[in-house]
Amino acid sequence: MNGFLALTVNGVATGAVYAALGLSLVIIYRATRVINFAQPALALISTYLAYSVNKATGSYWLAFAVALVAGAILGALTERLLIRPLRNRTELSPVIVTLGLLMVLQAVSGMIWTNEPQSFPYAFDFRGLFSSSNLFTVLVVLGTAAGILVLFRFTSLGLRLRAAAFKPEVARMLGVRVGLMLTVGWALAATVGALAGLLATPPFLFPTVLDGVFVYALTAAVIGGLDNPAGTVLGGFAVGIGLSYVSGYLGPELVTIAALAILVLVLALRPNGLFGRAVARRV
Amino acid sequence: MPAKSTALRDRLTPGAQAPARTSAGLPPLIRHLLLALAALAVIVGLTFVVDPFTNVRLATVGYYLIAVAGLTLLTGFNGQVSLGHGAFMFIGAYTVALLVLHVPSLPFWADLLLAAAASGVAGTLAGAAAARLHGPYLAGATLALAVGLPAVTQRFPDLLGGSNGLAFTVNSRPAALAGTIPTPQWQAWVVWTTVLLALVVLANLTRSRFGRTLRAVRDDEVSAELAGIHIGRTKILAFVLSAICGGLAGGLQAFLLGTAAPGSFTPVLSLSLLAAMVLGGIGSMWGALWGALALVYFQAWSEDLTHALDLGTDIANNLPLAVYGVVLIVVVLAFPQGIQGGVRALRTRLSRLRRTEEGSR
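Residues numbered from 1 in each chain as written. Chains lettered and ligands numbered in written order. Predicted model: local features only at pLDDT ≥ 70, side-chain atom pairs only at ≥ 80, totals over all residues. Heavy atoms only, no water.

## Observations concerning the overall build of chain A
When helices and strands are tallied, chain A shows 11 helices and two strands. Counting from the amino terminus, helix and strand elements in chain A follow one another as α-α-α-α-β-α-α-α-α-β-α-α-α. Expected size for 283 residues packed as a compact globule is a radius of gyration near 19 Å; at 18 Å, chain A falls within 12% of this value. Summarising its shape, the C-alpha atoms of chain A cover approximately 55 × 45 × 35 Å along the three principal directions. Relative to its 283 residues, chain A shows a buried fraction of 57%. Contacts in chain A between residues at least 24 apart in sequence constitute 76% of all its contacts with a sequence separation of at least 6. A total accessible area of about 11,900 Å² is found for chain A, and carbon and sulfur atoms account for 68% of it. (Helix = DSSP H or I, 4+ residues; strand = E, 2+ residues; numbered from the N terminus. Rg over C-alpha atoms; globule rule 2.2 N^0.38 Å. Buried < 20%, exposed > 50% of the residue type's maximum accessible area, 1.4 Å probe, protein only. Contact = heavy atoms within 4.5 Å. Areas by Shrake-Rupley, 256 points an atom, 1.4 Å probe, with all protein chains shown as cover.)

Have a look at this one:
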């Protein structure tokens, strides 16, 4: 029973991280219908910068702040330089470009910081069944999710972001700077992604550290419906707990395959995710 | 709607709609077979003049070619994105490895066929799931396959050799050739014979009614369904065929290297196959050849560059990955039709030039 409890608690903590990275995918998908496959790489670079700052200054929180700012800048640059030129292309083009960016950034981080694992600190003490680090992770992610919900629902920036995403022509006529809103959306998403990187990485940082996390985050976002931030957070916790049981009872090497199975099963039953709404197909 | 789907098609595969050409006046199957025979003759000739090292490289181009061609069928002709084709190479390689180790009496061609069959079965499963998934969902699911499958070797370390993988030697060379033809040369022959046979099948399929069905589903699923095409079946079949190509590629790689290890089938492999396809030109089988050549030679050039500039190991290890990434970005932004698009434009310009010359005469 103790084992079951430990696995559940562990699943909640890792699920929070999947929820955070999943949220960063959902914010971009809502605004541009693009899955940002480079999201883990943007988070990776942010986290490596945090690693360097932490090593140079010894301050975890300064490093934390640097990572978030770096994430925002990287996200904005990605949108401006790589995604905007693809406005009128097929849906395959942004997939390929973000994958290209993923490869470049992973390679660059390997060149700068080597492919060897570097030790990366936890925010707080990580020992115990539900450590202060776990608690911090869950609280930060829930807080971020709530903040995003409030931002989109109740602020004028959120209204403009939504307008730019759903009815760009109308929004433009009403004076919303649609292009700027898209950049803001990407910056916001990449900041949340950087946060996920900081929380997911410890104890070791290496260029492919977020590959698995990304797959689980994508699973969470798909379960949530890709359009639905609240669903994604729920999906993140569900995936975290489910995969924790798989890891504990069946073996850690089967976790990714299990995530794939969950993904396929959910989509086979509900093609728009558990919490997504069906969109009428045009004829 | 028609405007949009035409634009989409033009951007993805200019010229892919051209009707089956019978310029030589021969049925496509015969023409493809003759072309393959000519290609094989050229390659066999080439293996005699180049050094053993280049023979291995030649064989490497061969198995990448068939993997990229399979991906072209799936993505270029049918519009399904797969970020997990390395997983099918993994299945092919391990099937060959297990058969060579545990059923040594089987001839090598039977090993290869079984490897193709095994990845075909896996492709059926993946394809059945994929048929329900669209664009980004499919990309995500196949990426999960690429990340997850190699880890299975850790689960069965006794059978699959854990992270060290399996090592073996394939003895496929006929005794008569043993003294005269060196191993790399023989290997290049085996690889290219298999690859060219598979390519003849692919080229014929894509020129046939099935090829038109694939493109119809890619361009507009609703119209295709109204025209009586079974969408799900078409998508699954495309997936199975491209998985078989991936399995063959993996089997040939195992044959060439004498090993099958999880480290060779990372997500980077799957993504570099995608990079090769995009660089060569999505939607053209010739593009697969340029892509496969690029894959092998990017690797080679980055090694040369490393030696020449005396770069550190951190930079050297990551250079090919950086190159693939930059290639993907630049090609999609600036040359969406890839190398084959350039070749096609050149050919059009040449033929126009010739026509005006004839006209002026």
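## Some words on helix H6 (residues 135–148) of chain B
The end-to-end C-alpha separation of H6 of chain B is 20 Å, in line with the 20 Å expected for 14 residues at 1.5 Å each. Most of H6 of chain B sits out of view: 14 of its 14 residues are buried. (Expected span 1.5 Å × (residues − 1).)

## Concerning the interface of chain A and chain B
With 49 residues of chain A at the contact, the number on the chain B side is 51 residues. Buried surface at the junction of chain A and chain B, summed over both partners, amounts to about 4,300 Å²; 77% is from carbon and sulfur atoms. A per-residue breakdown of the area chain A buries against chain B is headed by Met103, Met111 and Glu253 of chain A, which together make up 15% of the total. Remark: the boundary between chain A and chain B carries five residue pairs in polar contact (both at pLDDT 80 or more). Of all the elements in the fold, those that place two or more residues in the side of chain A that touches chain B are helix H4 (92–113), helix H9 (211–224) and helix H11 (255–269) of chain A. Looking at which element gives the most residues to the side of chain A that touches chain B, the answer is H4 of chain A, with 14 residues. (Buried area = accessible area lost by both parts, 1.4 Å probe. Polar contact = N/O pair within 3.5 Å; in protein donor to acceptor, adjacent residues only side chain to side chain.)

## A word on unusual backbone geometry
All names here are of chain A. Look at the link from proline 202 to proline 203: it is a cis peptide, with omega at 10 degrees. Of note, proline 203 is situated in the loop between helix H8 (178–200) and strand S2 (204–205). A positive phi angle, near 60 degrees, is found at arginine 33, a position not held by glycine. Take arginine 33: it is sitting in the loop between helix H1 (2–32) and helix H2 (39–57). When its relative accessible area of 43% is taken as the criterion, arginine 33 is described as partly exposed. Within the chain, threonine 114 stands out as a residue other than glycine whose phi angle is a positive 65 degrees. Within the element layout of this structure, threonine 114 appears in the loop between H4 and strand S1 (118–119). Classification of threonine 114 as buried rests on a relative accessible area of 18%.

## Considering the packing of aromatic side chains
Evaluation of the coordinates by the stated rule reveals 24 aromatic pairs over all chains. Ring geometry for tryptophan 61 of chain A and phenylalanine 136 of chain A: centres 5.6 Å apart, planes at 80 degrees, overall edge-to-face. Separated by 75 residues along the polypeptide, tryptophan 61 of chain A in helix H3 (residues 60–83) and phenylalanine 136 of chain A in helix H5 (residues 132–154) bring together distant segments of the chain. Owing to a relative accessible area of 41%, tryptophan 61 of chain A belongs among the partly exposed residues under this scheme. Centroid distance tryptophan 286 of chain B to tryptophan 290 of chain B: 6.4 Å. Interplanar angle 25 degrees. Geometry classified as stacked. One end of the pair is tryptophan 286 of chain B and the other is tryptophan 290 of chain B, both in helix H14 (residues 285–309) and four residues apart, which spans about a single turn. Note on tryptophan 286 of chain B: relative accessible area 48%, which makes it partly exposed. Taking the relative accessible area as the measure of exposure, tryptophan 290 of chain B reaches 25% and is therefore partly exposed. Here the aromatic residues Tyr60, Trp61, Phe64, Phe124 and Phe136 of chain A are joined through ring pairs into a cluster of three or more. (Phe/Tyr/Trp six-rings, centres within 6.5 Å; stacked < 30°, edge-to-face > 60°.)

## Thoughts on the nonpolar core
In this structure, Phe37 of chain A together with Leu83 of chain B are the most contacted members of the largest nonpolar core, which totals 196 residues. Excluding its chain neighbours within four sequence positions, the residues that come into contact with phenylalanine 37 of chain A are Val95, Thr98, Leu99, Leu102 and Phe214 of chain A together with Leu83, Pro136, Ala139, Gly140 and Leu143 of chain B. (Core = buried A, V, L, I, M, F, W, Y, C linked by side-chain atoms within 4.5 Å.)

## Considering the pattern of salt bridges
Inspection of every chain in the model, using the stated rule, returns six salt bridges over all chains. Between arginine 33 of chain A and aspartate 227 of chain A there is a salt bridge, with its nearest N and O atoms 3.1 Å apart. Separated by 194 residues along the polypeptide, arginine 33 of chain A in the loop between H1 and H2 and aspartate 227 of chain A in the loop between H9 and helix H10 (229–250) bring together distant segments of the chain. Overall, aspartate 227 of chain A belongs to the partly exposed group, its relative accessible area being 25%. Here arginine 155 of chain B ties to glutamate 253 of chain A by a salt bridge, and the two come within 3.4 Å at their closest N and O atoms. Taken as a pair, arginine 155 of chain B in helix H7 (residues 152–155) and glutamate 253 of chain A in the loop between H10 and H11 lie in two separate chains rather than in one. Residue arginine 155 of chain B is classed as partly exposed on the basis of its relative accessible area of 34%. We classify glutamate 253 of chain A as buried; its relative accessible area is 17%. In this structure, a network of salt bridges that share partners links the residues Glu79, Arg80 and Arg84 of chain A. (Salt bridge = Lys/Arg side-chain N within 4 Å of Asp/Glu carboxyl O.)

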